[in-house]
Amino acid sequence: MSILVNRDTRVICQGITGKVGEFHTRGCLDYGTRMVGGVTPGKGGETVADLPVFNTVAEARDATGCNATMIFVPPPFAADAILEAVAAGIELVVAITEGIPVLDMARVLPVVNDSGSRLIGPNCPGVITPAQCKIGIMPGYIHTPGHVGVMSRSGTLTYEAVWQLTQLGHGQSTCVGLGGDPLVGSSFIDILELFQNDPDTHAILMMGEIGGSAEEEAAEYVKHHVTKPVAAFIAGRTAPPGKRMGHAGAIISGGKGTAEAKLAALRDAGIEIAESPADMGAALVRAIKRQA
Amino acid sequence: MKIHEYQAKDLLRAAGVPVLAGKVAHTPDEAAAAYAALGTPVCAVKAQIHAGGRGKGKVKGSEQRGVELAKSADDAKRIAAGLLNNTLVTIQTGPEGQVVRQVFVESGCAIDRELYCAILVDRAAGSPVLIASTAGGMDIEEVAAKTPELILAEPFDPDRGLAAYQTRLLASKLNLPTAAWRHADTFFRKLCQAFVDLDASLLEINPLVLTKDGTLVALDAKMTFDDNALFRHKDITALRDEAEEEPAETRAAAAGLSYVKLDGTIGCLVNGAGLAMSTMDLVKLHGGEPANFLDVGGGADVNQVTEAFRIILSDKNVKAILVNIFGGIMRCTTIANALVEASKTVGFTVPLVVRLEGTEVEQGKKILAESGTSIITADGLTDAAKKVVAASKA
């Protein structure tokens, strides 16, 4: 068991004929992901990495029976690509693209929420169930199959955390990159619910960052609905207010979104805190021991 | 991206939002001429900088405020002379302040009441939201903390805009006279339309003024735009004022790097925004102060890494540099070669501590060890942080 993806997930890549799309399609194939095709409007009939390319998602779905898509479409067209995947009834839509205008996402999210599709991202590394299915840009080899659910708003920080877990002998059930933008398809709460209900996930590690209130909402959810051990790290304790720290979403504005407020909420929910980024794996181990 | 008040007002005027007449002046004489041309007995002379809090801010070494009323052309000239080419310090500029390069001379109006209004994208609602309050002209964060019941929030769909009932609700709760409701409806709707059409990320009107003749006027206007949407707004991109921005940040953006200057002594070069923030935290945790945030991104090449080092070293406060790379898609060998190359071309004047992990890490470390450079290698995050803090204090 795992969440979101497993060895039966059939994946297409939207934007497969682009340099980045092709590179990561090959990376996913190498990892063992069941990539079944790709979509680039106007390039239907071509092949990339021996996979068939289609003009539209609907055609790709009919021909391949895909139930997940990985989006590398450039920012001006990415919101439309998400809508197309949702309209075609693709269950899992993973948007890797960085730089989508926030109002485009404000237009997309109500459509996603009213559909049967789940959106992960945008501006995220993707989703991986180790040794089964990788949809995204993360380096596969740092992961090990196991029972820790990992979720994060940032990419390389997730790799760091996963690497620490693997070094400590804790494999992962599924790792989910939520994305660094202000508006994303899935929140910590959405993924917490899936991890809580997944018998194969025994503990949860989350990496948040300054900006917004997603971590506070997650803490509230954990307090009332999560029985499994949870550990957390918040990036950006030293970031000054009003400055965007790389991610569009990572900004302290109007006295909101500070690391202190987030840490206080997480502690209040009984979540084990990693005080340093070097301490993320160890914090998860402490969380497990505390509950044992 | 931020713009000046006068630019925001030009955009709002074009969008049909009521603003007062005004003119930009670059010299005291231009300010006097602007006063005369506007023809109202009272004008406001306002410093144009990208930071807020101007009304309460003061020019360094004088009592000159950032915003002052002028009752004659001579007044306007005197105020402009007090502001132009001087450094204005406000609560938002920090103690170093910001040089005033232009002033905005704006007509006065008969103010009945001052209100507050802003539009931003609310993450929780997943949509833009119009915020309004009767507590105009005040620090809205303080209002929100002390009297949250005074804050009104109406979310709206970007394409449908505000509904009529929402503008009635706002007008009623803001205690606007019923005669002003129709006007308020137009005002709020056009404001929301402008926000959406221009891909703004923040549009703040503080104060929003109810005039004695029952109309709403945007007395101030602060606008920030979604950098990700600038590709479809060439006209807005043209309003960029690089003089208002940190030069190193502008330079970094041109090289495809994400850089934010800070006040510490330890330069940081990291791949990924989350890891870059965490690296700053780590430095601080071990007793150092980060000099910057710098994310080289996922696929940085030798040229970008070299430019990143030049930018970090252009900050004279930097006493040591920490490179923290988790090679995923980016191989450690690539970054190691780039580091060696950069150390030869840039010529390091401060100690450089490097922590590599991930893809091809062993080969990467070997390249560094055999490079003959004075690069200090570290094993793990904590080791790296301790070494760089020690090096910065040596």
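Residues numbered from 1 in each chain as written. Chains lettered and ligands numbered in written order. Predicted model: local features only at pLDDT ≥ 70, side-chain atom pairs only at ≥ 80, totals over all residues. Heavy atoms only, no water.

Chemist: Report on the overall build of chain B, specifying residues and quantitative values.
Modeler: When helices and strands are counted, chain B shows 13 helices and 19 strands. C-alpha extents for chain B along the principal axes are approximately 80 × 50 × 40 Å. Counting across all 394 residues of chain B, residues that qualify as buried make up 53%. Contacts in chain B between residues at least 24 apart in sequence constitute 69% of all its contacts with a sequence separation of at least 6. When the accessible surface of chain B is totalled, it reaches about 16300 Å², and 52% of it is carbon and sulfur. Both charge centroids of chain B, one from 42 positive and one from 49 negative side chains, sit 2 Å from each other. (Helix = DSSP H or I, 4+ residues; strand = E, 2+ residues; numbered from the N terminus. Buried < 20%, exposed > 50% of the residue type's maximum accessible area, 1.4 Å probe, protein only. Contact = heavy atoms within 4.5 Å. Areas by Shrake-Rupley, 256 points an atom, 1.4 Å probe, with all protein chains shown as cover. Lys, Arg positive; Asp, Glu negative; His and termini not counted. Charge placed at Lys NZ, Arg CZ, Asp CG, Glu CD.)

Chemist: Give a detailed account of the overall build of chain A, specifying residues and quantitative values.
Modeler: The secondary structure content of chain A amounts to nine helices and 14 strands. Whereas a compact globule of 292 residues would reach a radius of gyration of roughly 19 Å, chain A reaches 18 Å, a difference of no more than 12%. Projected onto its principal axes, the C-alpha positions of chain A cover 55 × 40 × 30 Å. When burial is assessed residue by residue, chain A has 61% of its 292 residues classed as buried. Residue pairs in contact within chain A that sit at least 24 positions apart in sequence constitute 72% of those at least 6 positions apart. Summing over all exposed atoms, chain A offers an accessible surface of approximately 10200 Å²; the carbon and sulfur share of this is 52%. The distance from the centre of the 22 positive side-chain charges to the centre of the 29 negative ones in chain A is 4 Å. (Rg over C-alpha atoms; globule rule 2.2 N^0.38 Å.)

Chemist: I'd like a description of the interface of chain A and chain B, backed by residues and values.
Modeler: Contacts between chain A and chain B engage 51 residues on the former and 47 residues on the latter. Roughly 3800 Å² of surface becomes buried between chain A and chain B when both sides are summed, with 64% attributable to carbon and sulfur atoms. At the surface where chain A touches chain B, the tally comes to three salt bridges. For the salt bridge of glutamate 160 of chain A with arginine 355 of chain B, the shortest nitrogen-to-oxygen distance reads 2.8 Å. At the junction of chain A and chain B, the tally comes to ten residue pairs in polar contact (both at pLDDT 80 or more). For the side of chain A that touches chain B, the secondary structure elements donating two or more residues are α1 (19–31), α4 (102–113), α5 (155–167) and β13 (230–235) of chain A. Counting residues per element, the side of chain A that touches chain B draws most heavily on α5 of chain A, at six residues. Classifying every residue of the side of chain A that touches chain B by side-chain character gives 27 nonpolar, 14 polar and ten charged. (Buried area = accessible area lost by both parts, 1.4 Å probe. Salt bridge = Lys/Arg side-chain N within 4 Å of Asp/Glu carboxyl O. Polar contact = N/O pair within 3.5 Å; in protein donor to acceptor, adjacent residues only side chain to side chain. Nonpolar A, V, L, I, M, F, W, Y, C, P; charged D, E, K, R; others polar.)

Chemist: Any chance you could break down the sheet that holds strand β2 (residues 43–47) of chain B for me, citing the residues and the numbers?
Modeler: All names here are of chain B. Across the sheet, four strands lie side by side as β1-β7-β2-β4; this open sheet has antiparallel pairing. Because the sheet does not close on itself, it has two edges, and the strands there are β1 (22–25) and β4 (67–70). Averaged over all pairs of adjacent strands, the angle between their axes in this sheet comes to 25°, without regard to strand direction. As paired elements, β2 and strand β7 (residues 103–107) share five bridges and run antiparallel to each other. When the bridges of β7 are listed, alanine 44 appears paired with glutamate 106. (Pairing = 2+ DSSP bridges. Axes fitted to C-alpha atoms, helices over the stretch in contact; angles between N-to-C directions.)

Chemist: So what's going on with the packing of helix α2 (residues 28–38) of chain B against helix α3 (residues 73–83) of chain B? Which residues, and what values?
Modeler: All names here are of chain B. One way to put it is that α2 packs onto α3 with a least axis distance of 8 Å and a crossing angle of 145°. As for how α2 packs across α3, the hand of that crossing is right-handed. Counting all contacts with α2, which are made through Pro28, Asp29, Ala31, Ala32 and Tyr35, the residues of α3 involved are Ala73, Ala76, Lys77, Ala80 and Ala81. Its residues assigned to classes, the contact of α2 with α3 comprises eight nonpolar, no polar and two charged. (Left-handed = near helix turned anticlockwise from the far one by under 90°.)

Chemist: Describe the nonpolar core, naming the residues involved and giving the relevant values.
Modeler: Counting 94 residues, the largest nonpolar core has Met70, Ile135, Met151, Val176 and Met245 of chain A as its most contacted members. When neighbours within four sequence positions are excluded, methionine 245 of chain A is seen to be in contact with Ile210, Ala239, Pro240 and Ala250 of chain A together with Val260, Ala273, Met277, Met280 and Phe293 of chain B. Counting residues in hydrophobic clusters, the runner-up holds 70 residues, among them Val36 of chain A together with Leu130, Phe156 and Leu176 of chain B. (Core = buried A, V, L, I, M, F, W, Y, C linked by side-chain atoms within 4.5 Å.)

Chemist: Give me the lowdown on the confidence of the model for chain B, citing residues and values where you can.
Modeler: Residue and element names in this part refer to chain B. Residues at a pLDDT of 70 or more form 99% of chain B, whose mean pLDDT is 91. Across chain B, the secondary-structure element scoring lowest on mean pLDDT is helix α4 (residues 140–146), at 74, and the one scoring highest is helix α1 (residues 5–14), at 97. In the predicted assembly, ipTM is 0.90 and pTM is 0.92. (pLDDT = per-residue confidence, 0-100.)

Chemist: Tell me what's going on with the sheet that holds strand β6 (residues 98–99) of chain B, and back it up with residues and numbers.
Modeler: The strands making up a sheet associate through backbone hydrogen bonding, with each pair oriented either parallel or antiparallel. Residues and elements named next belong to chain B. If you walk across this open sheet you meet the three strands as β3-β5-β6, and the pairing is antiparallel. On the outer flanks of this sheet lie β3 (58–59) and β6, each paired with one strand and no other. Of the strand pairs in this sheet, β3 and strand β5 (residues 87–89) are connected by two bridges, and their pairing is antiparallel. Bridge pairing links valine 59 to leucine 88 in β5.

Chemist: Could you give an account of the side chain of threonine 333 of chain B, with specific residues and numbers?
Modeler: Residues and elements named next belong to chain B. When you line up the elements, threonine 333 lands in helix α11 (residues 332–347). Since its relative accessible area comes to 13%, threonine 333 is described here as buried. Polar contacts involving the side chain of threonine 333 include one to the side chain of glutamate 360, which spans 2.5 Å. Other than its neighbours up to four places away in sequence, threonine 333 contacts Glu360, Gln363, Gly364 and Ile367.

Chemist: Please give an account of the environment of glycine 146 of chain A that cites residues and values.
Modeler: All names here are of chain A. Relative to the assigned elements, glycine 146 resides in strand β10 (residues 145–152). On the basis of relative accessibility, which here comes to 16%, the residue glycine 146 falls in the buried class. When residues no more than four places from it in sequence are discounted, the contact partners of glycine 146 are Gly171, Gln172, Ser173 and Asp200.

Chemist: Give a detailed account of the packing of aromatic side chains, specifying residues and quantitative values.
Modeler: Applying the stated criterion across every chain, the model contains five aromatic pairs over all chains. Where tyrosine 6 of chain B meets phenylalanine 104 of chain B, the ring centres are 6.3 Å apart and the plane angle is 35°; that geometry is what we call tilted. You can see tyrosine 6 of chain B sitting in helix α1 and its partner phenylalanine 104 of chain B sitting in strand β7, a full 98 residues away along the chain. Three or more aromatic residues link up through ring pairs in this structure, and these residues are Tyr141, Tyr159 and Trp163 of chain A together with Phe326 of chain B. (Phe/Tyr/Trp six-rings, centres within 6.5 Å; stacked < 30°, edge-to-face > 60°.)

Chemist: Just give me the short version of the pairing of strand β9 (residues 127–133) of chain B, but keep the residues and values in it.
Modeler: All names here are of chain B. Of all seven residues in β9, seven are buried, a share of seventy percent or more. Inspection of the sheet shows strand β8 (residues 111–122) paired to β9 by seven bridges, in the antiparallel sense. Within the sheet, the bridge partner assigned to alanine 118 lies in β9 and is isoleucine 131. Hairpin remark: β8 followed by β9, antiparallel, with four residues in the connecting loop; positive phi at glycine 126, about 70°. In terms of strand pairing, β9 meets strand β10 (residues 151–155) through five bridges, oriented antiparallel. Bridge pairing in β10 links serine 133 to isoleucine 151.

Chemist: Residues and numbers for helix α9 (residues 273–285) of chain B, please.
Modeler: Count 3.6 residues to each turn of an α-helix, and residues three or four apart come out pointing the same way. Residues and elements named next belong to chain B. Along its 13 residues, α9 runs 18 Å from first to last C-alpha, staying within 8% of the 18 Å computed at 1.5 Å per residue. Among the 13 residues in α9, eleven count as buried, and that is most of the element. Phi for glycine 287, located one or two positions after α9, is positive at around 90°. (Expected span 1.5 Å × (residues − 1).)

Chemist: Can you lay out the pairing of strand β4 (residues 51–54) of chain A for me, pointing to particular residues and giving the numbers?
Modeler: Residue and element names in this part refer to chain A. In the sheet, strand β2 (residues 34–39) pairs with β4 via two bridges, with the strands oriented parallel. Bridging across to β4, valine 39 finds its partner in phenylalanine 54. Across two bridges, strand β3 (residues 47–48) lies against β4 in antiparallel orientation. Bridging from a neighbouring strand, valine 48 pairs with leucine 51 of β4. Once β3 ends, the chain turns through two residues before running back antiparallel as β4, passing alanine 49 with a positive phi of about 50°.

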